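Fold and contact review
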Amino acid sequence: MKFNLTGKTAVVTGGGSGIGKAISVALAEQGANVQILEMNIENAISTVEEIQKNGGKAAAYQCNVANQKQVKEVIKNITEQTSIDILINNAGIAHVGNIENTAEEDLDQLYDVNVKGVYHCIQAVISEMKSKGGVILNMASIASTVGIFDRFAYSMTKGAVLTMTYSIAKDYVKYGIRCNCISPARIHTPFVDGFIKKNYPDKQAEMFEKLSKTQPIGRMGEPEEVANLALYLCSDEASFITGSNYALDGGFVTLNGN
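Because the structure is predicted, anything quoted here is derived from the model rather than measured. (Residues numbered from 1 in each chain as written. Predicted model: local features only at pLDDT ≥ 70, side-chain atom pairs only at ≥ 80, totals over all residues. Heavy atoms only, no water.)

**Thoughts on the side chain of H120**
Note that H120 resides in helix α4 (residues 104-130). H120 sits in the buried class, given a relative accessible area of 5%. In this structure the side chain of H120 is engaged in a polar contact, spanning 2.8 Å, whose partner is the backbone oxygen of V65. In this structure H120 touches V65, A66, N67, Q68 and V71, once residues within four positions along its chain are discounted. (Helix = DSSP H or I, 4+ residues; strand = E, 2+ residues; numbered from the N terminus. Buried < 20%, exposed > 50% of the residue type's maximum accessible area, 1.4 Å probe, protein only. Polar contact = N/O pair within 3.5 Å; in protein donor to acceptor, adjacent residues only side chain to side chain. Contact = heavy atoms within 4.5 Å.)

**Observations regarding empty space enclosed by the protein**
Following the criterion strictly, the structure yields one cavity of 30 Å³ or more and no others. There is about 30 Å³ of room inside the largest cavity. Lining the largest cavity we find T13, V65, N89, A91, V113, G117, V118 and C121. Per element, the largest residue contribution to the lining of the largest cavity is four residues, and it comes from α4. Considered class by class, the residues forming the lining of the largest cavity number five nonpolar, three polar and no charged. (1 Å grid on protein atoms, 1.4 Å probe; cavity = no way out; pocket = protein on both sides within 12 Å on 5 of 7 lines; lining within 4 Å. Points joined across faces, edges and corners; volume = space filled by probe spheres on them. Nonpolar A, V, L, I, M, F, W, Y, C, P; charged D, E, K, R; others polar.)

**Some words on unusual backbone geometry**
Negative phi values dominate among residues other than glycine, just as trans dominates among peptide bonds. Unlike most non-glycine residues, F3 shows phi in positive territory, near 60 degrees. Counting through the fold element by element, F3 comes out in the segment before β1 (9-13). The exposure class assigned to F3 is partly exposed, which follows from its relative accessible area of 28%. Unusually for a residue other than glycine, D150 sits at a positive phi of about 60 degrees. Along the chain, the position of D150 falls in the loop between β5 (134-139) and α5 (152-172). For D150, a relative accessible area of 22% translates into the label partly exposed.

**Section: the layout of surface pockets**
A volume near 1600 Å³ is recorded for the largest pocket. I93, A94, Y154, T189 and F191 are the residues nearest the centre of the largest pocket, which is lined by 50 residues in total. Those elements that provide at least two residues to the lining of the largest pocket are α1 (18-29), β2 (33-38), α4, α5, α6 (190-199) and α7 (204-212). Take the lining of the largest pocket: its biggest share by element is four residues, from α6.

**Details of α5**
Every α-helix winds through 3.6 residues per turn, so residues three or four apart in the chain are directed the same way. Compared with an ideal rise of 1.5 Å per residue, which puts 21 residues at 30 Å, α5 spans 31 Å between its outermost C-alpha atoms and is within 8% of the ideal. The set of residues buried in α5 consists of A153, S155, T157, K158, V161, L162, M164, T165, I168, A169 and Y172. Next to the buried residues of α5 lie α4, β5, β6 (177-184) and β7 (245-248). (Expected span 1.5 Å × (residues − 1).)

**Re the packing of α1 against helix α2 (residues 41-53)**
Closest axis-to-axis distance for the α1/α2 pair is 10 Å, and the angle between their directions is 25 degrees. Looking at the two axes, α1 sits roughly parallel to α2. The handedness of the crossing between α1 and α2 is right-handed. Contact with α1, carried on its side by K21, S24, V25 and A28, involves T47, E50 and I51 of α2 and no other residues of that element. When the residues that make up the contact of α1 with α2 are grouped by side-chain class, the tally is three nonpolar, two polar and two charged. (Axes fitted to C-alpha atoms, helices over the stretch in contact; angles between N-to-C directions. Parallel < 35°, antiparallel > 145°, perpendicular 65-115°, else oblique. Left-handed = near helix turned anticlockwise from the far one by under 90°.)

**Notes on α7**
Along α7, the residues that are buried comprise M207, L211 and S212. The arc that holds the buried residues of α7, viewed along the axis, is 135 degrees, so those residues lie on one side. Projecting away from the buried face of α7 at angles above 90 degrees are the exposed residues A205, E206 and K210. Check the buried side of α7 and you find it contacts α6. (Arc of directions from axis to C-beta.)

**Section: the pattern of salt bridges**
Scanning the model with the defined rule gives six salt bridges in all. For K76, the salt bridge is made with E80, and the minimal N-O distance between the two is 2.6 Å. We note a salt bridge from K132 to D85, for which the minimum N-O separation is 3.4 Å. Of the two residues, K132 is situated in the loop between α4 and β5 and D85 in the loop between α3 (68-79) and β4 (86-89); the sequence distance between them amounts to 47 residues. Classification of K132 by relative accessible area gives partly exposed; the value is 38%. (Salt bridge = Lys/Arg side-chain N within 4 Å of Asp/Glu carboxyl O.)

By themselves, these observations are geometric and do not establish any function.
This is how it looks when you write it as structure tokens:
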């Protein structure tokens, strides 16, 4: 069976909803023992129950990836039970604004979660992975490589995720550790629906259509499409791939303006 992850343990941050949930479910379906790190423990437990109902293996841990002590404690708890083969850094937060209307507190919060969160999780697993190899997959964004209007702080953090990916891939390839990232465009998640409802309550359908068409392919991506790529990159079928950034964007980066 291709993309078989039986016998492997995968840690997924932010794995209780949206893209993270889709990734958790996809990996569990292929046999992985999925360990979900989530701020919202109710979402994580719900995802675990769904996975277990379908015969998969999963567990939930409440964890703020911005808190290094919490991350270390959770990873220690997991490694006392099983070795970690896969780390997926999916947890992240968004922010709308240019540099003039981005408060220092907003910048710090995004840095703590989107940048230091990735740093904390990789640092917590890397020493164990050095002994046997492993896969690290980071969630970057199209904002890592192209300018996005009114996304100053968010773009800054996702650019850092991209360059961290390259650095980890370079430093640890000799240990059999592969590190890649996925850069999605707009994906249809509950966050997008909530954003539209909050900011455009009187024209939700119109705004959904407008945001969908910013991708040349004419629609938003689905969480399951990101999960399918994540599954491939974490599997042995992708064993020749490291230090790469995969745009999953409906043609946004290369086709807009051409």
